[in-house]
Amino acid sequence: MLSQLMVIFGFSSVVLVLIYWINRAVRLFDWLIASGQSATVFLEFTALTLPNVIRVVLPVSAFVATVYTTNRLSSESELVVVQATGYGPFRMARPVLAFGLIVGGFVGLLVHFAVPASFAQLADRQIEVAENVTARLLVEGRFVHPDDGMTLYIRAITGAGELQDIYLRDARNAERQVTYTATRALLARTDTGPRLVMYDGMAQSFEPETRRLSLTRFDEFAFDVGGLIDSGSGGRGTRNIRELSTVELLSGDPALAGEVGVEPWRLRVEGHQRFSQPLMAAAAPLIGFAALLLGGFSRFGIWNQIFLAIGLVIALYTLDNALQDQALKSAGGWALVYVPPAVGFATTTVLLWFAANPGLFRRRPPVGDGGPGT
């Protein structure tokens, strides 16, 4: 049974990963192609997103593999034969438990090592691509249109990187169009992204509805080039919480929390979530198997039990999402992230106990044929 679970699990994982990956890759492809990147960069970016995609897909594919395999064994009467030889539900659940632990181990390796490393590498590469796109806008003697309603002209670029005679028109807002002109400018890298710093210039604001034109002269003005190119990535600045290692998260270092912009207890919650996710991945197939054992053999299948298993897993992950949000609101809330896995294993135990005692809640036949007084 374990070998059948692994085969179906591998097949369903590949199918679900491809479906989820294609959905993500289409948006990534549009951005990279619009930025003028090569196919090699596209493949690199998609490879870096795969660990997180696989992390999301593995529990689902494990549940699907368990339900499919158990349903097939039930429809072919193999489970009935095994039960007739004296195997109880708890003993029959051993291969599913081993399967769940294997899946949980895979998820644990992903959330503790692969996913944080891929997020960190992806953030670095996004900034490099954004800077390359920004540099491609700096073209001498040409009007470039990096976005709808945007026009940029640079007369000359010196060897020191200074931009001379700048013209920038921002007509993205139909109610207020602004034209910037400056004698010189520099491209500056900041924590919030690249900015075009213009010197000795003027901003002309025109409102088409009122035909009003206002002029503002400035000695220095910074324009957000990151927003202009719409790269979707700001400056690197600090790390994201998803890039931190599990040891760093569990430390709850206030300085580290300040770097990523969250409270110290949120670091601990994120760290403990990396332990609860493998447990959730192990609980999902066990719930599916235990729910299907309640049906026994039927020529019409065990669709009621399949829908019960799906409903229980959906309810379990809904509880998980709700408690994760609640855990982020208090310093001691990290313990709440372990409640859903505990509920999952407890539900499995209860379902297996019901399967081991099928006649417990059945209506007993009346005694005798003469009514209650016989």
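Further up the page is the structure itself.
All figures in this text were calculated on a predicted structure; none of them were measured in a lab.

Peer 1: Quick one: what's the story with the nonpolar core, residue by residue and with numbers?
Peer 2: Considering soluble globular proteins, one finds that nonpolar side chains tend to be buried as a cluster. One finds Phe9, Phe99, Val103 and Leu293 to be the most contacted residues of the largest nonpolar core, which totals 38 residues. Ranked by the residues each element gives to this core, the list is headed by helix α9 (residues 264-293), at ten residues. Ignoring any residue separated from it by four or fewer positions in sequence, one finds leucine 293 in contact with Leu79, Gln83, Pro89, Met92, Leu352 and Ala355. The next biggest cluster of nonpolar side chains, apart from the first, holds 17 residues, and it includes Leu163, Val178, Ala182 and Val225.

Peer 1: Break down a nonpolar patch on the surface for me, citing the residues and quoting the values.
Peer 2: On the surface, Phe90, Leu294, Leu308, Val350, Trp353 and Phe354 cluster together into a nonpolar patch covering about 510 Å² of accessible area. Of the residues forming the nonpolar patch, the biggest block, three residues, is contributed by helix α11 (residues 339-356). Among the secondary structure elements, phenylalanine 90 is positioned in helix α4 (residues 89-92). When its relative accessible area of 43% is taken as the criterion, phenylalanine 90 is described as partly exposed.

Peer 1: Go over the packing of helix α10 (residues 303-327) against α11, please, and point to the residues and values.
Peer 2: At a minimum axis distance of 9 Å, the contact between α10 and α11 shows a crossing angle of 155°. As far as their axial angle goes, α11 and α10 are roughly antiparallel. As α10 runs across α11, the sense of the crossing is right-handed. Residues Leu312, Leu316, Leu319, Asp320 and Leu323 of α10 form the contact with α11, whose own contacting residues are Val339, Pro340, Val343, Gly344, Thr347 and Leu351.

What counts and how
- Along every chain, residues carry numbers that run from 1 in the direction the sequence is written.
- Side-chain atom pairs in this predicted model are given and counted only at pLDDT of 80 or more, local residue features only at pLDDT of at least 70, and totals for whole chains, interfaces and linings cover all residues.
- Each side-chain value is derived from all of the structure's non-hydrogen atoms; neither hydrogens nor water enter the calculation.
- Within this scheme, the nonpolar core is defined by two criteria: the residues are buried Ala, Val, Leu, Ile, Met, Phe, Trp, Tyr or Cys, and they are joined through side-chain atoms within 4.5 Å.
- For the exposure calls, accessible area comes from a 1.4 Å probe over protein chains only, and a residue counts as buried if that area is under 20% of its type's maximum, exposed if over 50%, partly exposed in between.
- We count a stretch as a helix when DSSP gives it H or I for four or more residues in a row; a strand needs E for two or more, and each element gets its number in order from the N terminus.
- Two residues form a contact once any of their heavy atoms are found within 4.5 Å.
- Only residues whose relative accessible area exceeds 30% and that take part in no salt bridge are eligible for patches, with like-charged residues grouped when within 9 Å of each other and nonpolar side chains (Val, Leu, Ile, Met, Phe, Trp, Tyr) grouped when within 5 Å.
- Accessible surface area values rest on a Shrake-Rupley calculation with a 1.4 Å probe, where residue burial reflects the displayed protein chains alone.
- By definition, a salt bridge exists where a carboxyl oxygen of Asp or Glu is found within 4 Å of a side-chain nitrogen of Lys or Arg.
- Lines fitted to C-alpha atoms define the axes here, with helix axes fitted over just the stretch in contact, and angles between the N-to-C directions of these axes take values from 0 to 180 degrees.
- Oblique is the label for any angle not covered by the other classes, which are roughly parallel (under 35 degrees), roughly antiparallel (over 145) and roughly perpendicular (65 to 115).
- Whether a crossing is left-handed or right-handed is set by the direction in which the near helix is turned from the far one by less than a right angle, anticlockwise for left-handed and clockwise for right-handed.

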